[in-house]
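Here is how the chains run, residue by residue.
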Amino acid sequence: MTLPGPIGTPIRRKAAVLGAVVALTLLALLGAGVAQMGTGELSIPAAGTISVLRVLVLAALAVHLGELAGVRLAGDGPLPRLWSALAALLGAAASAGLLLLFAAVSGLGLPTVYGMREGRLLLITANAFALAGLCAASRRPALAVVPLAGVICAEALRAHPEAYTPAIGTALTVVHLTAASLWFGALLYVLRTMRLRDGGRDVLVRYARTAAWIFAALVITGTCSTLRRLPLEVVLATAYGRVLLAKLALVGVASLLALTARYRMTRGGDTQAPARIELGVLATIVVVSSLLTVVPDPHWLSPG
């Protein structure tokens, strides 16, 4: 039952957010298995749990990095409560969870896992998030950009284990992950600021100017990475290809919503409605991106 008057709106908003969280969690839990149906690829142990933890890592990075950028975009006026310290703590816990899960699935002890490439990178990620959390709680929260850069580099190295031109793939992922995190995280902070100020169109204007460069970097690096990793003839035959197509479709929808908000902004219309929907689509992209890190890597299909 929806309550009438001003009380009903917050309740509907909370219900919508809760429903979205449940839907995204189910997508993370079941997405990898659905994408692999009929491909003949080996199933990934604990794929759903890994995907959920990966979502938390990516979301924590985006929220923290987005706040660092959002504070600069917000200008003068009241600012929303910072979530960066909590996000860093969540990212550290999720990274530690991935480390423990890796040990459990592989049947290896933690000392052995620490000596492996995957284990070392997860340990670096967890420690970097913890350090970022300390920076966020200090008098100089901007220093968190250094450990967050460590998180991005560790994730980029983890995503590119191939033996051929790994430096190029890692560099592309560093730029791509940074741009994606800023797109989602900065937009989240900007919308929270606009809600607190009951308007604040100037904040969205400044964000829109920056977002154009972020989007360009995202598209260029994403296209180059796709061409390097995935032969066109196996796009529909692999889970990676299917998830990637879903991600590309969602990026297209988010781009149209961003253009709609920009058009309304120049005409003096309501910009928050399309921007909020854009944020929801970007949250879905975060989940789909986590699935790309879980499904089998098709780089071995490419001639190297």
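Residues numbered from 1 in each chain as written. Predicted model: local features only at pLDDT ≥ 70, side-chain atom pairs only at ≥ 80, totals over all residues. Heavy atoms only, no water.

Draft legend 1. Fine view of the overall build of the protein chain. If you tally the helices and strands in the protein chain, you get 10 helices and 0 strands. Taken against the 2.2 N^0.38 rule, which gives 19 Å for 304 residues, the C-alpha radius of gyration of the protein chain at 20 Å falls within 12% of a compact globule. Expressed as lengths along the three principal axes of its C-alpha atoms, the size of the protein chain is roughly 55 × 45 × 45 Å. Here the protein chain holds 304 residues, and 45% of them are scored as buried. The long-range fraction of contacts in the protein chain, counting pairs at least 24 apart against all pairs at least 6 apart in sequence, stands at 74%. A gap of 7 Å separates the mean positions of the 25 positive and 12 negative side-chain charges of the protein chain. (Helix = DSSP H or I, 4+ residues; strand = E, 2+ residues; numbered from the N terminus. Rg over C-alpha atoms; globule rule 2.2 N^0.38 Å. Buried < 20%, exposed > 50% of the residue type's maximum accessible area, 1.4 Å probe, protein only. Contact = heavy atoms within 4.5 Å. Lys, Arg positive; Asp, Glu negative; His and termini not counted. Charge placed at Lys NZ, Arg CZ, Asp CG, Glu CD.)

Draft legend 2. Layout of the layout of surface pockets. In this structure, the largest pocket encloses a volume near 1,600 Å³. Val17, Val21, Trp83, Leu188 and Leu279 are, among the 37 residues lining the largest pocket, the residues nearest its centre. Of all the secondary structure elements, the ones that give two or more residues to the lining of the largest pocket are α1 (5–35), α2 (47–74), α3 (84–106), α7 (166–196) and α10 (272–292). Tallying contributions element by element places α1 first for the lining of the largest pocket, with 10 residues. Of the residues that constitute the lining of the largest pocket, the class distribution is 27 nonpolar, 4 polar and 6 charged. Forming the boundary of the second largest pocket are 49 residues, of which Arg158, Ala159, Ser289, Leu292 and Thr293 lie nearest the centre. Broken down by secondary-structure element, the contributors of at least two residues to the lining of the second largest pocket are α2, α3, α5 (117–136), α6 (145–159), α7, α8 (201–229), α9 (239–267) and α10. Tallying contributions element by element places α8 first for the lining of the second largest pocket, with 8 residues. (1 Å grid on protein atoms, 1.4 Å probe; cavity = no way out; pocket = protein on both sides within 12 Å on 5 of 7 lines; lining within 4 Å. Points joined across faces, edges and corners; volume = space filled by probe spheres on them. Nonpolar A, V, L, I, M, F, W, Y, C, P; charged D, E, K, R; others polar.)

Draft legend 3. Focus on the side chain of Ser51. Tracing the backbone shows Ser51 in helix α2. Of the residues examined, Ser51 reaches a relative accessible area of 0% and is grouped as buried. Non-local contacts of Ser51, meaning those with residues more than four positions away in its chain, are made with Ala28, Ser290, Leu291 and Val294.

Draft legend 4. Region of interest: the packing of α5 against α6. Running from N to C, α5 and α6 point in directions that differ by 160°, and their axes come no closer than 8 Å. On the basis of the axis angle, α5 is roughly antiparallel to α6. When you trace α5 past α6, the crossing you get is left-handed. Here Arg117, Glu118, Leu121, Ile124, Thr125, Ala128, Phe129, Leu131, Ala132 and Cys135 of α5 lie close against α6, whose contacting residues are Pro147, Leu148, Val151, Ala154, Glu155, Leu157 and Arg158. Within the contact of α5 with α6, the residues separate by chemical class into 12 nonpolar, 1 polar and 4 charged. (Axes fitted to C-alpha atoms, helices over the stretch in contact; angles between N-to-C directions. Parallel < 35°, antiparallel > 145°, perpendicular 65-115°, else oblique. Left-handed = near helix turned anticlockwise from the far one by under 90°.)

Draft legend 5. Up close: the confidence of the model for the protein chain. Model confidence for the protein chain is summarised by a mean pLDDT of 88, while 94% of its residues fall at 70 or above. Across residues 1–8, where pLDDT falls below 50, the model places 4 contacts with residues more than four positions away in sequence or in other chains. (pLDDT = per-residue confidence, 0-100.)

Draft legend 6. Summary view of a nonpolar patch on the surface. On the surface, Leu18, Val22, Leu26, Leu29, Leu30, Val34 and Met37 cluster together to form a nonpolar patch covering roughly 680 Å² of accessible area. Here Leu26 shows up in helix α1. (Patch = residues over 30% accessible without salt bridge, like charges linked within 9 Å, V, L, I, M, F, W, Y side chains within 5 Å. Areas by Shrake-Rupley, 256 points an atom, 1.4 Å probe, with all protein chains shown as cover. Salt bridge = Lys/Arg side-chain N within 4 Å of Asp/Glu carboxyl O.)

Draft legend 7. Structural view of the packing of aromatic side chains. One pass over the full model with this rule turns up 1 aromatic pair. Ring geometry for Trp183 and Phe215: centres 5.8 Å apart, planes at 80°, overall edge-to-face. Of the two residues, Trp183 sits in helix α7 while Phe215 sits in helix α8, which places them 32 residues apart along the sequence. (Phe/Tyr/Trp six-rings, centres within 6.5 Å; stacked < 30°, edge-to-face > 60°.)

Draft legend 8. Broad picture of the nonpolar core. The biggest cluster of nonpolar side chains holds 71 residues, and the ones touching the most others in it are Phe129 and Tyr207. Apart from the residues within four sequence positions on either side, Phe129 is in contact with Val57, Ala60, Leu61, Ala88, Gly91, Ala92, Ser95, Leu148 and Val151. (Core = buried A, V, L, I, M, F, W, Y, C linked by side-chain atoms within 4.5 Å.)

Draft legend 9. Focus on the environment of Val57. Its location among the elements puts Val57 in helix α2. Each residue touching Val57, except ones within four places of it in the same chain, is listed here: Gly91, Ala94, Ser95, Leu98, Phe129 and Glu155.

Draft legend 10. Inspection of the environment of Val63 at higher detail. Following the sequence through the fold, Val63 ends up in helix α2. We classify Val63 as buried; its relative accessible area is 12%. Sequence separation between Val63 and Arg262 is 199 residues; the distance between their C-alpha atoms is 23 Å. If we ignore the near neighbours within four places in the chain, the residues touching Val63 are Trp83, Ala87 and Leu188.

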